[in-house]
Amino acid sequence: MRKMNVAIVGATGAVGTQMIKLLEDSSLPLGSVKFLASKRSAGKQLSFRGETQTIEELVPESFDGVNLALFSAGGGISAKFAPEAVKRGAVVVDNTSHFRMDPEVPLVVPEVNPEALRKHKGIIANPNCSTIQMMVALEPLRQALGLKRVIVSTYQAVSGAGNQAMEELKQQTQDFLEDKPVDQWQANILPCGGDKKHYPLAFNALPQIDVFAEGGYTYEEWKMINETKKIMEDDTIKVSATCVRIPVMSGHSESVYIETEKTATVPEIQALIAEAPGAVLEDDPSQQIYPQALNSVGKKETFVGRIRKDPDEEKGIHLWVVSDNLLKGAAWNSLQIAETMYEMELL
């Protein structure tokens, strides 16, 4: 059995930390493992499978002898170093948005389009966290019923914005509990670090994730729109998104409305979800059973509930979709891509 030499880029970040935990239990036959980060983090130590590992500074030579490189350190880092990794013989799974819409780069959710992996030329893109969980929920319905339209509103956790945003939310919550006026709360990151104004998230909801772009949609919303069509290989599907940040630490939630080509009853839809890979049905209104962000934390699956027919549209269906954005939405989907490639003998 061929051993895999693996590198994790962005090892100290919120997603990189989860990648390390998942790699410890991975089915991949591991050889060497190295953790890469900025010069500022180099030299720090962490534990992996009971042994102490020293974080190394990311440089092009870091990828010498590496078979698999998992990237989660920002689009600029991926743009610069992913081609270097490929040049040195590694396969890259990139968790940033940099390569997602590149026609030469597969955009993959293993439960949905694993065959796209066969087309890779060294780099595979991990979709947006909100797109991933929606794809897991919708693919079984698309296969059985066809899919004409998707309207999604997201309720996204602060961990999707990184460790600093999480710490800022904690501080804002403490400020609230200490009765400090809102105008004295720290707000330096959200809704988007690169935009002009910043607002507190504690006890709030911010209808902006990333900066605004064409048509009044944010880049996050355009990601969901364009990625859905690319993953499903169908530009005729009508997709619209509204992305909202809420004061939840981890676990993205989504209200998803779809219109299908065929009609189906709620029990038929529930059965399709229950049998779908990677999906868990949690849907019993009589017992108040439905997916919750808090319950998704630490789990790899995507949870689906609140399934109901639209009262005015025969082929309209409403769903509530929840998943751990750091796991299935990022770290787990990345590692799952690698494991799938190994099983398909592509790695």
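Every chain is numbered on its own, with residues counted from 1 as its sequence reads. Residues qualify for local features only when their pLDDT is at least 70, as the model is predicted, and side-chain atom pairs are given and counted only at 80 or more; totals for whole chains, interfaces and linings, by contrast, use all residues. Excluding hydrogens and water, the side-chain figures rest on all heavy atoms present in the structure.

Under an unreviewed UniProt entry, the name given to the chain is Aspartate-semialdehyde dehydrogenase, and the organism recorded is Enterococcus pseudoavium. UniProt positions are given in the numbering used here, feature names are shortened, and annotations may be inferred rather than shown by experiment. Its UniProt record gives the chain a comment under Catalytic activity (unreviewed entry), which states: "L-aspartate 4-semialdehyde + phosphate + NADP(+) = 4-phospho-L-aspartate + NADPH + H(+)". According to its UniProt record, the chain has this under Sequence similarities (unreviewed entry): "Belongs to the aspartate-semialdehyde dehydrogenase family."

Student: Outline the UniProt feature "active site" (unreviewed entry) in the chain, listing residues and values.
Tutor: Mapped onto this numbering, the UniProt entry gives "active site" (unreviewed entry) at Cys129 and His252. Across 124 residues in sequence, these annotated residues keep their C-alpha atoms within 8.3 Å of one another, forming a single compact spot. As for its position among the elements, cysteine 129 is in helix α3 (residues 129-145). Only protein chains enter the accessibility calculation, which uses a 1.4 Å probe. A residue is then buried if its area is under 20% of the maximum for its type, exposed if over 50%, and partly exposed in between. A residue is classified by how much of its surface remains accessible, and cysteine 129, at 15% relative accessible area, is buried. The contact criterion used throughout is that any non-hydrogen atoms of two residues lie within 4.5 Å. If we ignore the near neighbours within four places in the chain, the residues touching cysteine 129 are Gln156, His252, Asn325 and Gly329. With respect to the helices, strands and loops of the structure, histidine 252 is situated in strand β11 (residues 252-259). Residue histidine 252 is classed as buried on the basis of its relative accessible area, which comes to 0%. In this view, histidine 252 contacts Cys129, Ser130, Gln133, Tyr155, Gln156, Ala157, Arg245, Val321, Val322, Ser323 and Asn325; residues no more than four positions away in its chain are not counted. Runs of H or I in DSSP of at least four residues are treated as helices and runs of E of at least two as strands, each being numbered from the N terminus.

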